[in-house]
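# Topology and contacts: notes
The lines below spell out each chain.
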Amino acid sequence: MNETSVDAIEDSLTTHEAEFDARNRDIKIYVNGDIVPRDQAKVSVYDSGFMLGDGMWEGMRLYNGHWAFFDDHMDRLFDSCRAIDLDIGMDRSGILDALTRTACANSMVENVHCRLMITRGTKDKPFQHPALSRSGPTIVIIMEHSKPSNALQSKGIRLATVPQVRGLPMSQDAKFNSHSKLNCVIACLQAEQAGADEGLMLDCHGFVNTTNACNFFIVRKGEVWTSTGDYCMNGVTRQKIIDLCKENNIPVYERNFSLVDAYAADEAFLTGTFGAQTPVGEIDGKKIGNHDAAGPMTTRLQTLYRELVKQNTRGSV
Ligand SMILES: Cc1ncc(COP(=O)(O)O)c(C=O)c1O
């Protein structure tokens, strides 16, 4: 790789940018009840997730040995799996047990991100019909040492509005955290081709909705705005920010708004389990607000959210 391409990669950031951690080369991964070294963690080429994207996942964070907002994540996971008749084969305490075993095997307690993946399982034949997945679900848990990169906090993420939109819920409901993320992947590619880090996606009516990997908020004249929620992921972090605003008398609105409102915002930020609240530096090449990093409202909400996580993950391990 030449120097220019290395620089190009270093210049571009994603909301899932973490500090390099060599320990991640040697992590242990949960695969259907077994905990195995990373290079031995494998699923079948007949797996429904691999073949069709037929599965659901959750991204969670471990703080002080506890999974933040575990019940909210389980509500979303179990609701989605129920909607697509995917039998997880265990209840939420079984999932917690699997997560705890994986964390213990890796001696992980803090600065950890996990991807819990559940697919319809291995198929008999390489075709679509769910009835061909007869061997029950495939459950995989990947936990990595993960400290979000500071560069995002000081620079802010660059968004580009992309042609790929969030569709109506009767096509593929955006509330499904499905293995198939092609809609989001296309949006991300379009943003990258426009020279940005992440894609800002509109809904099917042209209102500003969400990004390809996170929920999107703007701040205008002391008010916090986010989309109606009709076409975006029902993000756990999104809901926590809305609730925190309400509890702290910060005006918050779930409403339709357009790019005109977003470009002229005083601040903008993204929410997601991985990065908590990520400040937005620019949208379509236009600088947002007149500050370099997170603005005052984003900073205040980051502090309130950190405190909420602390309360939620308090107690002995
Ligand atoms: C498209 C999309 N939006 C938003 C989010 C953020 O959701 P959460 O706050 O629950 O991590 C995710 C996370 O999986 C996502 O995939």
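My aim in this report is to walk through the structure given alongside it, one point at a time. The shown structure was predicted, so the numbers you read here are calculated from the model rather than taken from an experiment.

### Thoughts on the pairing of strand β7 (residues 157-161)
Relative to strand β14 (residues 276-283), β7 runs parallel, the two sharing three bridges. Bridging across to β14, Leu159 finds its partner in Ile283. For the crossover that starts at β7, traverses helix α6 (residues 182-193) and ends in the parallel strand β8 (residues 198-202), the hand is right-handed.

### Focus: the packing of aromatic side chains
For the structure shown, the criterion picks out four aromatic pairs. Pairing Phe69 with Tyr305 gives two aromatic rings, centres 6.0 Å apart and planes at 50°, and the pair type is tilted. Placement of Phe69 in the loop between β4 (66-67) and α3 (70-83) and of Tyr305 in helix α9 (residues 296-312) is noted, with a sequence separation of 236 residues between them. As far as burial versus exposure is concerned, Phe69 and Tyr305 are alike and both buried. Taken together, the aromatic side chains of Phe216, Trp225 and Phe257 make up a single cluster linked through ring pairs.

### Some thoughts on the site of the ligand
Lining the immediate surroundings of the ligand are 15 residues, of which Arg76, Lys181, Val236, Thr237 and Thr273 lie closest. For the ligand, an oxygen atom lies 2.6 Å from a polar atom in the side chain of Thr237. Within the side chain of Thr273, one N or O atom sits 2.6 Å away from an oxygen atom of the ligand. Taken together, the residues that form the shell around the ligand break down as five nonpolar, seven polar and three charged.

### Focus on the nonpolar core
Counting 30 residues, the largest nonpolar core has Leu77, Leu99, Leu116 and Met143 as the members making the most contacts within it. Of all the secondary-structure elements, those providing two or more residues to this core are β1 (28-31), β3 (55-63), α3, α4 (92-105), β5 (112-119) and β6 (138-145). Per-element tally for this core: the top contributor is β5, with five residues. Non-local contacts of Leu99, meaning those with residues more than four positions away in its chain, are made with Met60, Trp67, Phe70, Cys114, Ile141 and Met143. Among the nonpolar cores identified, the runner-up in size contains 20 residues, and Leu13, Leu152, Phe216 and Ile218 belong to it.

### Overview of the sheet that holds β6
Taken together, the six strands give an open sheet; going across it, the order is β2-β1-β6-β5-β3-β4, and neighbouring strands pair in antiparallel fashion. Both edges of this open sheet fall to β2 (34-37) and β4, since each of them pairs with a single strand only. When β5 meets β6, the two strands line up antiparallel, connected through eight bridges. By the bridge assignment for β6, Thr119 is matched with Thr138. The strands that α3 touches are β3, β4 and β5; relative to β3, the one it contacts most, it runs at about 175°. Contacting β1, β2, β3, β4, β5 and β6, α4 crosses the sheet at an angle of about 40° to β6.

Definitions and limits used
In every chain, residue numbers begin from 1 and rise along the written sequence. Side-chain atom pairs in this predicted model are given and counted only at pLDDT of 80 or more, local residue features only at pLDDT of at least 70, and totals for whole chains, interfaces and linings cover all residues. Side-chain numbers come from the whole structure's heavy atoms, not from hydrogens or water. Only strands joined by at least two bridges in the DSSP assignment are considered to pair. Numbering of helices and strands runs from the N terminus; a helix is a DSSP stretch of H or I covering at least four residues, while a strand is a stretch of E covering at least two. Think of it like this: strands point away, you trace from the first strand over the helix to the second, and a clockwise trace means the crossover is right-handed. Any pair of Phe, Tyr and Trp rings, taking the six-membered ring for Trp, is counted once the centres come within 6.5 Å. Such a pair is stacked with planes under 30 degrees apart, edge-to-face with planes over 60 apart, and tilted for the rest. The classification of residues rests on relative accessible area computed with a 1.4 Å probe and restricted to protein chains. Under 20% of the type maximum is buried, over 50% is exposed, and intermediate values are partly exposed. A cutoff of 4 Å decides nearness: a residue is near a molecule or strand if any of its heavy atoms lies inside that distance of it. Polar contact is defined as a pair of N or O atoms within 3.5 Å, subject to the rule that within protein one atom must be able to donate a hydrogen and the other to accept it, and that residues adjacent in sequence are counted only when both atoms are side-chain atoms. Residue type decides the class: Asp, Glu, Lys and Arg count as charged, Ala, Val, Leu, Ile, Met, Phe, Trp, Tyr, Cys and Pro as nonpolar, and the leftover types, Gly among them, as polar. As used here, the term nonpolar core means buried Ala, Val, Leu, Ile, Met, Phe, Trp, Tyr and Cys residues forming a set that is joined through side-chain atoms within 4.5 Å. Contacts were defined at the residue level, with two residues in contact if any of their heavy atoms lie within 4.5 Å. Axis geometry follows a simple rule: fit a line to the C-alpha atoms, using only the stretch in contact for helices, then measure angles between N-to-C directions, giving values from 0 to 180 degrees.

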